[in-house]
Structures are given as structure tokens and as C-alpha cells.
Amino acid sequence: SPLVAWDGNTEGSFGQAIAVNDTTLVIGAPEDDESTEITDAGAVYVYTWSGSAWVQGSKLSAPIRTKDDGYGLSVAMDATHLIVGCPGDDDDTNSITDSGKVYFYALSDLSSVTVLSPEDYAVSESQTDAHFGESVAIDNGLAVIGAASASGDFSYQGKAYVAKLSNTNDWSAL
């Protein structure tokens, strides 16, 4: 039978993004609501393979959930790590709307998280509506993060950022 959000969230866009490896399945629900005031904060549902069925595991979300973050709009996974895009996250330090973030998790310990944002590459990379994390890919210690609306020499030309793993879950901008 089909998988559904086990907590009853009916308008979370469950299935918007999906990634799977041999034993883990992750399903993004970028419109998952925290409350009636904090809508579309997003979540990722994690399942494990029992040998005969997918069993519900953890529900992941950003440590601070805010309206329209879109956590889980993009997900990617390799054998050891999960990356989750949160393209609507705001850069509160610099008052920049929808600059975006990504969250890296070691699959062995989903509570271990590393966060990267555009300003980890350069302060000037944190841009309004850049949507860093709108797309993500990961393989063998390298990750690529898309920001389709980021500006460079031209407005909204888009950019892709590369990150590298140096320890168990220590990711850094390249």
C-alpha cells in the first residue's frame, strides 16, 4: 500500500521530493505545517526497510521552523549522508528573505546535523530570493546545492555551490 505522512498532515505536499538507498527512504513534505500560524515550514519523513516493508522512522525538520521555509523541497542521499534543502529559509542576521539553507545528516545518527547557507561561501552570496537548496545532489563526500534564482553577473542567472565532507558529518563550502 502507498506510504503517507504518519502524523496526519494532509496538506504538506508529502512526496514532493524523494530519495532512497538500500535501507533508507526519505520523503520531503515542504508544505508541512508547524501550526496554523507557521505554515509551509516543511518536514522530511524517514523510513527504514525491514526486509519486507518500509517502516516509519523519524520526522526531521529545521531546528527553528518558520513560515514558508520549504524544508524538504529537495532531498538527496548517498550511502552515508542525507542532504535536505530549505530554500525559503531567511537569513535573519542580514535581514535577507528566502536566501535558503541546506541541512546535512549522517544516516548513522540523524540528530547530527551540519547547516550550510550561502554566506558560508561569501557574505555577498546571501541574496534575496536566491533559494539556496532548491535542488541538491550528493555522492561520496561531495554535495552540490542549487540556487536557481541567485544573481551573479546577471539577475537570477542561478548558481550551483559545491560542499565537501571532511569528517563524519563536517561539511564545508568549496
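About the thresholds
Residues numbered from 1 in each chain as written. Predicted model: local features only at pLDDT ≥ 70, side-chain atom pairs only at ≥ 80, totals over all residues. Heavy atoms only, no water. 1 Å grid on protein atoms, 1.4 Å probe; cavity = no way out; pocket = protein on both sides within 12 Å on 5 of 7 lines; lining within 4 Å. Points joined across faces, edges and corners; volume = space filled by probe spheres on them. Nonpolar A, V, L, I, M, F, W, Y, C, P; charged D, E, K, R; others polar. Pairing = 2+ DSSP bridges. Helix = DSSP H or I, 4+ residues; strand = E, 2+ residues; numbered from the N terminus. Axes fitted to C-alpha atoms, helices over the stretch in contact; angles between N-to-C directions. Contact = heavy atoms within 4.5 Å. Core = buried A, V, L, I, M, F, W, Y, C linked by side-chain atoms within 4.5 Å. Buried < 20%, exposed > 50% of the residue type's maximum accessible area, 1.4 Å probe, protein only.

(A) Main features of the layout of surface pockets. Roughly 160 Å³ of volume is contained in the largest pocket. The wall of the largest pocket is formed by Pro 63, Ile 64, Thr 66, Asp 69, Asp 89, Asp 90, Asp 92, Lys 101, Tyr 103 and Val 115. Looking at the lining of the largest pocket, its residues break down into four nonpolar, one polar and five charged.

(B) Structural detail: the sheet that holds strand β8 (residues 109-116). Read from one edge to the other, the open sheet built from four strands follows the order β5-β6-β7-β8, with strand pairing classed as antiparallel. Each edge of the open sheet carries a strand with a single partner, namely β5 (74-77) and β8. The average angle at which neighbouring strand axes cross in this sheet is 20°, direction not considered. Bridge count between strand β7 (residues 101-106) and β8: five bridges; the pairing is antiparallel. Among the inter-strand pairings, Phe 104 is bridged to a residue of β8, identified as Thr 114.

(C) Region of interest: the environment of His 131. For His 131, the position within the fold is in the loop between β8 and β9 (135-139). For His 131 and Ser 58, which are 73 residues apart along the polypeptide, the C-alpha to C-alpha distance reads 25 Å. Among all residues touching His 131, those that are not within four sequence positions of it are Pro 87, Asp 98, Ser 99, Gly 146, Ala 147 and Ser 149.

(D) Layout of the nonpolar core. Of all hydrophobic cores here, the largest spans 17 residues; its most connected members are Ile 83, Val 102, Phe 104, Ile 145 and Ala 163. Residue assignment for this core shows that the elements contributing at least two residues are β7, β9, β10 (142-147) and β11 (159-165). Among the elements that make up this core, the one with the highest residue count is β10 (three residues). When near neighbours in sequence (up to four residues on either side) are disregarded, Ala 163 contacts Phe 104, Leu 116, Tyr 121, Gly 141, Leu 142, Ala 143, Ile 145, Trp 171, Ser 172 and Leu 174. Leu 60, Tyr 71, Val 75 and Leu 82 belong to the second-largest nonpolar core, a separate cluster that totals 16 residues.

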